[in-house]
Protein chains: 2
Amino acid sequence: MKHLLISLLLVSSAAAADDSAFTGDGKLKLPADYREWIFLSSGLDMSYSKLPNTMGHSMFDNIFVDPVSYREFLRSGTWPENTRLVMEMRGATEKGSINQQGKFQSGDPMGVEIHMKDSARFPGGWGFFAFSDTAAAQQIPTTADCYSCHQQHGAVNTTFVQFYPTLLKIATAKKTLSSNH
Amino acid sequence: MKHLLISLLLVSSAAAADDSAFTGDGKLKLPADYREWIFLSSGLDMSYSKLPNTMGHSMFDNIFVDPVSYREFLRSGTWPENTRLVMEMRGATEKGSINQQGKFQSGDPMGVEIHMKDSARFPGGWGFFAFSDTAAAQQIPTTADCYSCHQQHGAVNTTFVQFYPTLLKIATAKKTLSSNH
């Protein structure tokens, strides 16, 4: 019971954050507790282009979703209003501690992006936001490539569920996959 | 409030699992909800050996910890009794959907391992368990390399916190890092 109470405190603060996701001037806040949200998957140096990687560094991306929207996805196979998907980028290191091969994550985030569903607020239903050492971010203009690419290739409701193995199973079972991923 | 209630149901089932982590004949159960635990980090094809990778495939590992022990780590910088760290392995795929470079996770888990702290049950305080398509697993004998390697190189209490960026910060601040990682 003690364990349960501790966890309740955690969850109630996460849920309360939904009510004030935006600042007074319309910027999306970076959720302070997104690392405690539900992990969907991670990737390394993923690119949708055949051109050589010119970033000059190697990065992991970690994808999280708020717990309430995750729960709804399990039920319905798609995303409810106010869904927030977070992509966190971290440096990929090879040599460190006892590691000799492969890569692990190290250091502070190199960037955080959020993909949020709010049909009343965003034309097209979803907005993208990029945070870099900032507590709040303005929406990326809808002319940016991320919108058209997600629209064309997102497996579920403009999101890349094709890269999240546990959700891909759910969407397949619920028949909510788009035909164009 | 509705959101909060939904989350409470989730959390209460996770907490209740602590009371019956083992089967009647002493095997550790694979927690059904570990994918909803706290994500610590992921790596790709990590190896502590300089010998060539002879696995014949590429894998991500995802590390999760039960929420109650995570919360205690944030407070104290070390792990309480009954901590369970889960390592899930998933196949790393390069070409798939629109991905052209880098790697993403796909398919079912290729294996799951648990590192559990229970000083009354395990000599040395911690036990390792490997699950492969099984709902419960017997402890790996303490003569296995995983025990001595974690003992010698674990940054905090025989665990590889050096590879978990958010916890490494906490342990550094709390001065709970061992000197031998």
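Residues numbered from 1 in each chain as written. Chains lettered and ligands numbered in written order. Predicted model: local features only at pLDDT ≥ 70, side-chain atom pairs only at ≥ 80, totals over all residues. Heavy atoms only, no water.

Caption draft 1: Structural context of the pattern of salt bridges. All told, the structure shown has 12 salt bridges over all chains when counted by the stated rule. Residues B:Arg90 and B:Glu88 are paired through a salt bridge, measuring 3.0 Å at the closest nitrogen-oxygen approach. B:Arg90 sits in the buried class, given a relative accessible area of 4%. Among the charged side chains, a salt-bridge network with shared partners connects A:Arg35, A:Glu88 and A:Arg90. (Salt bridge = Lys/Arg side-chain N within 4 Å of Asp/Glu carboxyl O. Buried < 20%, exposed > 50% of the residue type's maximum accessible area, 1.4 Å probe, protein only.)

Caption draft 2: Just the packing of helix H2 (residues 67-76) of chain B against helix H4 (residues 165-174) of chain B, in detail. Residues and elements named next belong to chain B. In contact at an axis separation of 8 Å, H2 and H4 are set at 40 degrees when each is read in the N-to-C sense. It follows from the interaxial angle that H2 and H4 lie oblique. Every residue of H4 that contacts H2 at Tyr-70, Phe-73, Leu-74, Arg-75 and Ser-76 is listed here: Leu-167, Ile-170, Ala-171 and Lys-174. Residue composition of the contact of H2 with H4, by class: 6 nonpolar, 1 polar and 2 charged. (Axes fitted to C-alpha atoms, helices over the stretch in contact; angles between N-to-C directions. Helix = DSSP H or I, 4+ residues; strand = E, 2+ residues; numbered from the N terminus. Parallel < 35°, antiparallel > 145°, perpendicular 65-115°, else oblique. Contact = heavy atoms within 4.5 Å. Nonpolar A, V, L, I, M, F, W, Y, C, P; charged D, E, K, R; others polar.)

Caption draft 3: Inspection of the interface of chain A and chain B at higher detail. Across the contact, 58 residues belong to chain A and 58 residues belong to chain B. When chain A packs against chain B, the two sides together hide about 4,800 Å² of surface, and 61% of this comes from carbon and sulfur. Together, A:Phe39, A:Ile98 and A:Gln101 form the three largest contributors to the area buried by chain A at its contact with chain B, with a combined 14%. At the boundary of chain A with chain B, the tally comes to 4 salt bridges. (Buried area = accessible area lost by both parts, 1.4 Å probe.)

Caption draft 4: Representation of the packing of aromatic side chains in the model. For the structure on display, the rule yields 25 aromatic pairs over all chains. When the centroid spacing of 3.7 Å and the interplanar angle of 0 degrees are considered together, the rings of A:Phe39 and B:Phe39 count as stacked. With A:Phe39 in strand S2 (residues 38-47) and B:Phe39 in strand S2 (residues 38-47), this residue pair bridges two chains. According to the relative accessible area criterion, A:Phe39 is buried, its value standing at 1%. Geometrically, the ring pair formed by A:Phe163 and B:Phe104 is edge-to-face, given 4.7 Å between the ring centres and 65 degrees between the ring planes. Taken together, the positions of A:Phe163 in the loop between helix H3 (145-153) and helix H4 (165-174) and B:Phe104 in strand S5 (residues 101-117) put the pair across two chains. In this structure A:Phe163 comes out as buried when scored by relative accessible area, which is 4%. In this structure B:Phe104 comes out as buried when scored by relative accessible area, which is 5%. (Phe/Tyr/Trp six-rings, centres within 6.5 Å; stacked < 30°, edge-to-face > 60°.)

Caption draft 5: Region of interest: the nonpolar core. Counting 30 residues, the largest nonpolar core has A:Leu28 and B:Leu28 as the members making the most contacts within it. For this core, the secondary-structure elements that each account for two or more residues are strand S5 (101-117) and strand S6 (126-131) of chain A together with S5 and strand S6 (126-131) of chain B. Setting aside residues no more than four positions away along its own chain, B:Leu28 makes contact with B:Ala21, B:Phe22, B:Ile114, B:Met116, B:Phe129, B:Phe131, B:Ala135, B:Ala136 and B:Ala137. (Core = buried A, V, L, I, M, F, W, Y, C linked by side-chain atoms within 4.5 Å.)

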